[in-house]
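Working through the structure, step by step
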Amino acid sequence: MPAAVAVGRATSVAEPRLDGGRLFWLEQRPDERGRTTLMAQRPGAGAVELTPGPWNLRTRVHEYGGSPYAVAGDQLVFVDDGDRCLWQLDLAGPEAAMAARTPTADGAPRRLTAPPDPSLPRAFADGLIDRRRGRWIGVMEQDGVDRLVAVPLAGGEPVLLHQPADFCGYAVLAPGGGHLAWVTWQQPFMPWERSQLWLAAFDAAGQLQQARPIAGSGPGDPQGISVFQPLWLDDGSLVVANDRSGWWNLERLADVAALGADTPPRWQPLCPMEAEFGGPQWVYGLRTLAWDGTQLLAAVCRQGRWELGRLGAEGGRFEPIPLPFDELASLTAEAGRLVAVAGAPGIGPGLLELDTASGTWQHTPAAPPPLAAEAISRPEPLWFDGHGGAPTHAWYYPPRDGSRAEAPLLVKGHSGPTAMAGTGLNLAIQFWTSRGWGVVDVNYGGSTGFGRAYRQRLDGQWGVVDVADCAAAARALVAAGRADPARVAFEGGSAGGFTVLAALCFTDVFKAGAVRYPVTDPEALLAVDHRFEARYTETLIGPWPEARALYEERAPLRHAERITVPVVFFHGLDDRVVPARQSERMVEALRRGGLKTELHLFTGEGHGFRDSGVRTTVLDATEAFFRRQFHL
């Protein structure tokens, strides 16, 4: 399979939403330099593009963004990456009114917020439309803090609704519009470590009153609890996932409107399970829960696989819905219809549409399948003893021509580092298996999908647990006669790139490495203007400056002389999360020691490559680099 097919021009879909029988979704188009556009479709009609070029729906809140549009009735509001402003588009009128528009045509999008002062930039995201009061409600990040604000649909300056201590988002409006719930969290904690669900009522002027936390935990609470995706039901009750049991499980708060200011909320567990109904909130717009008008529908992760099921508003048993998908995200439902982004080992990601009453469904892949079913390497679960002997999970993909002792092995370390290695069809992995490689995608300690305790294995142990787990996965496959110990390579990006470099420093398992926008010196991250993760290293390594010695001990840059195998680096010059200087300094240190390295820098790319040409170049260059080292 050519690299251009594996990672090049395939469109991806994200964040579907149902509203009034219409389906909306985002499409990211690598062949348009990663531009994201909004699509819409009415039942029985074809899809239309609402935001053709040059519109680019993207938000830079917290750098990672997410949730750049909101829709309700005839009102659509979105964030354009060109000027970072809110724009409004009127969807009223016949079907023709939903046809593609240009910025100069009648009925074109209209700017709601003025371009910000360059000396005081701001970013919007994660909004909803308050139809009752004719306004957009969402997050505005400015001057180093989040604000929950309202912007009139007629246009105007944002009006402050709530000032959190630090971060906020995931706001949801109660049926009838009388209450608002949202999530907050504060440094040094990330939202999946400690966060709180807040509730407030609207007064006659549309301002929030009696705002208070009703679930989760704040920075000073003795127990760390995280909340995930609040959702209102039609009866005015509120559902949220929290992990106080050790797993993100669902709880319901009934009769919210009658909750007194001094009345402790009484949350009812809906379906206790050793499984996850949530995930780490790196971006806005994550949804694993939906209400179709009569029942709750949820995606739940068990042992690294996702499944879709239903449960009543009062709780009870989780009833799985038989579907051939084990990768599920972005649930949305309405009037007995559910839509999600779904995939499987042999099915590329696309839009799943389900009739919740009959169980009938259809799946529309985002791109035509480039491989025949028999040519796809399927993931096999691999459990092995990781750091300290703890049971650790990975997915192993055998070479297309079958596992054998002389096969080269590629170990993959996911980024995050709280992400998870999933099972959906990954063409980049198939690129390697089609060339005779085995691939092991490791859910090292710290990964999501296996409960809070598994996720917390990495606390204070970044560069130790992840390194040991990835090395142990490789050793397990070598011991099983499924890989050649002389041809084991390791690749990863961002935090995964840090794990690769640390493994090359402190183990002798890997014979070559490839890293994309890697962290090479965690201490240097402390000086980077990236607010979202500004203190995340305090969880992963230790408090600064008290743990200075640990930072130096774990930093690959400070131990470059210990790397004795070749490494290739890829980095975007516009990266604000991990600046390209981190890769440049590491390459300089390795070359001073006489080590063979390559450094590829890309103009216009940030943290995570979006352009199809860049992504193709990275994969081709990585394969060529490994082929030269291993004489393949």
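An account of the accompanying structure is given in this report. The structure displayed is predicted, hence computed values, not measured ones.

Here the focus is the overall build of the protein chain. In terms of helices and strands, the protein chain carries 10 helices and 36 strands. Scaling as 2.2 N^0.38, a compact globule of 632 residues should have a C-alpha radius of gyration of about 26 Å, and the protein chain matches this with 24 Å. Classification of the 632 residues of the protein chain by burial places 61% in the buried group. Nonlocal contacts in the protein chain, meaning residues at least 24 apart in sequence, comprise 58% of its contacts between residues at least 6 apart. Approximately 23100 Å² of the protein chain is accessible, and the part contributed by carbon and sulfur atoms is 51%.

Grouped together as the largest cluster of nonpolar side chains are 113 residues, with contacts concentrated most on Leu197, Val411, Val440 and Phe510. Those residues in contact with valine 440 that sit more than four places away from it in its chain are Leu382, Ala394, Trp395, Tyr396, Leu409, Leu410, Val411, Lys412, Ala473 and Leu477.

As a further point, take the packing of aromatic side chains. A full pass over the atoms with the stated rule returns 33 aromatic pairs. On the numbers, 6.0 Å between centres and 90 degrees between planes, the contact of tryptophan 383 with phenylalanine 450 is edge-to-face. In this pair, tryptophan 383 sits in strand E29 (residues 380-385) while phenylalanine 450 sits in the loop between strand E32 (438-443) and helix H3 (452-455), placing the two residues 67 residues apart along the sequence. Judged by its relative accessible area of 41%, tryptophan 383 falls in the partly exposed class. The class for phenylalanine 450 is buried, based on a relative accessible area of 9%. Between tryptophan 432 and tryptophan 437 the ring centres are 5.1 Å apart and the planes differ by 70 degrees, which places this aromatic pair in the edge-to-face class.

What follows deals with the sheet that holds strand E16 (residues 208-216). Spatially, 4 strands are ordered E13-E14-E15-E16 in an open sheet, and the strand pairing comes out antiparallel. Only two strands of the sheet have a single neighbouring strand rather than two, namely strand E13 (167-173) and E16. Taking the axes of each pair of neighbouring strands and ignoring which way they run, one obtains an average angle of 25 degrees across the sheet. Pairing between E13 and strand E14 (residues 179-185): 5 bridges, direction antiparallel. Looking at E14, one finds that glycine 169 is bridged to valine 183.

Okay, the pattern of salt bridges next. Overall, the coordinates contain 43 salt bridges when judged by the stated rule. For the salt bridge of glutamate 49 with arginine 29, the shortest nitrogen-to-oxygen distance reads 3.3 Å. Of this pair, glutamate 49 sits in strand E4 (residues 48-49) while arginine 29 is found in strand E2 (residues 22-29), placing the two residues 20 residues apart along the sequence. For the pair shown, glutamate 49 and arginine 29 are each scored as buried. Between glutamate 406 and arginine 404 there is a salt bridge, with the nearest N and O atoms lying 3.5 Å from each other. Its relative accessible area of 24% is what places arginine 404 among the partly exposed residues.

Take the pairing of strand E27 (residues 347-355) next. Across 7 bridges, strand E26 (residues 337-344) lies against E27 in antiparallel orientation. Counted as the bridge partner of arginine 337 is aspartate 355 from E27. Linking two consecutive strands that pair antiparallel, namely E26 and E27, is a turn of 2 residues. Direction of pairing for E27 relative to strand E28 (residues 361-365): antiparallel, over a ladder of 5 bridges. Bridge pairing links leucine 354 to tryptophan 361 in E28. Following E27, the chain reverses through 5 residues before pairing antiparallel with E28; glycine 359 in that reversal takes a positive phi of roughly 85 degrees.

Positionally, phenylalanine 498 belongs in helix H5 (residues 495-506). Residue class for phenylalanine 498 comes out buried when judged on its relative accessible area of 0%. With 31 residues separating them in the primary sequence, phenylalanine 498 and valine 467 have C-alpha atoms 9.4 Å apart.

All right, on to H5 then. The α-helix advances 3.6 residues per turn, and as a result positions three or four apart in sequence lie on the same side. With 12 residues, H5 should reach 16 Å at 1.5 Å per residue; the first-to-last C-alpha distance of 16 Å fits that figure. Here H5 has its buried residues at Ala495, Gly496, Gly497, Phe498, Thr499, Val500, Leu501, Ala502, Ala503, Leu504 and Cys505.

Most of strand E33 (residues 488-493) sits inside the fold, with 6 of its 6 residues counted as buried. Residues Val488, Phe490 and Gly492 of E33 are buried on one face, and the alternating residues Ala489, Glu491 and Gly493, pointing to the opposite face, are buried as well. Two strands pair when backbone bridges link them, and strand E31 (residues 409-413) and E33 are joined in this way by 5 bridges, in the parallel orientation. When the bridges of E33 are listed, leucine 409 appears paired with valine 488. For E33 and strand E34 (residues 512-516), the ladder comprises 5 bridges, and the chain directions are parallel. From the neighbouring strand, phenylalanine 490 faces E34, where its bridge partner is glycine 513. Tracing the backbone out of E33, into H5 and back to the parallel element E34 gives a crossover that is right-handed.

Looking now at the sheet that holds strand E18 (residues 238-242). Pairing is antiparallel in the open sheet, where 4 strands are placed in the order E17-E18-E19-E20. The open sheet has two edge strands with one neighbour each: strand E17 (227-232) and strand E20 (268-269). By the bridge criterion, 2 bridges tie strand E19 (residues 249-253) to E20 in an arrangement that is antiparallel. Looking at E20, one finds that arginine 252 is bridged to glutamine 268.

Thresholds, definitions, all that
Residues numbered from 1 in each chain as written. Predicted model: local features only at pLDDT ≥ 70, side-chain atom pairs only at ≥ 80, totals over all residues. Heavy atoms only, no water. Helix = DSSP H or I, 4+ residues; strand = E, 2+ residues; numbered from the N terminus. Rg over C-alpha atoms; globule rule 2.2 N^0.38 Å. Buried < 20%, exposed > 50% of the residue type's maximum accessible area, 1.4 Å probe, protein only. Contact = heavy atoms within 4.5 Å. Areas by Shrake-Rupley, 256 points an atom, 1.4 Å probe, with all protein chains shown as cover. Core = buried A, V, L, I, M, F, W, Y, C linked by side-chain atoms within 4.5 Å. Phe/Tyr/Trp six-rings, centres within 6.5 Å; stacked < 30°, edge-to-face > 60°. Pairing = 2+ DSSP bridges. Axes fitted to C-alpha atoms, helices over the stretch in contact; angles between N-to-C directions. Salt bridge = Lys/Arg side-chain N within 4 Å of Asp/Glu carboxyl O. Expected span 1.5 Å × (residues − 1). Right-handed = clockwise from strand over helix to strand, strands pointing away.

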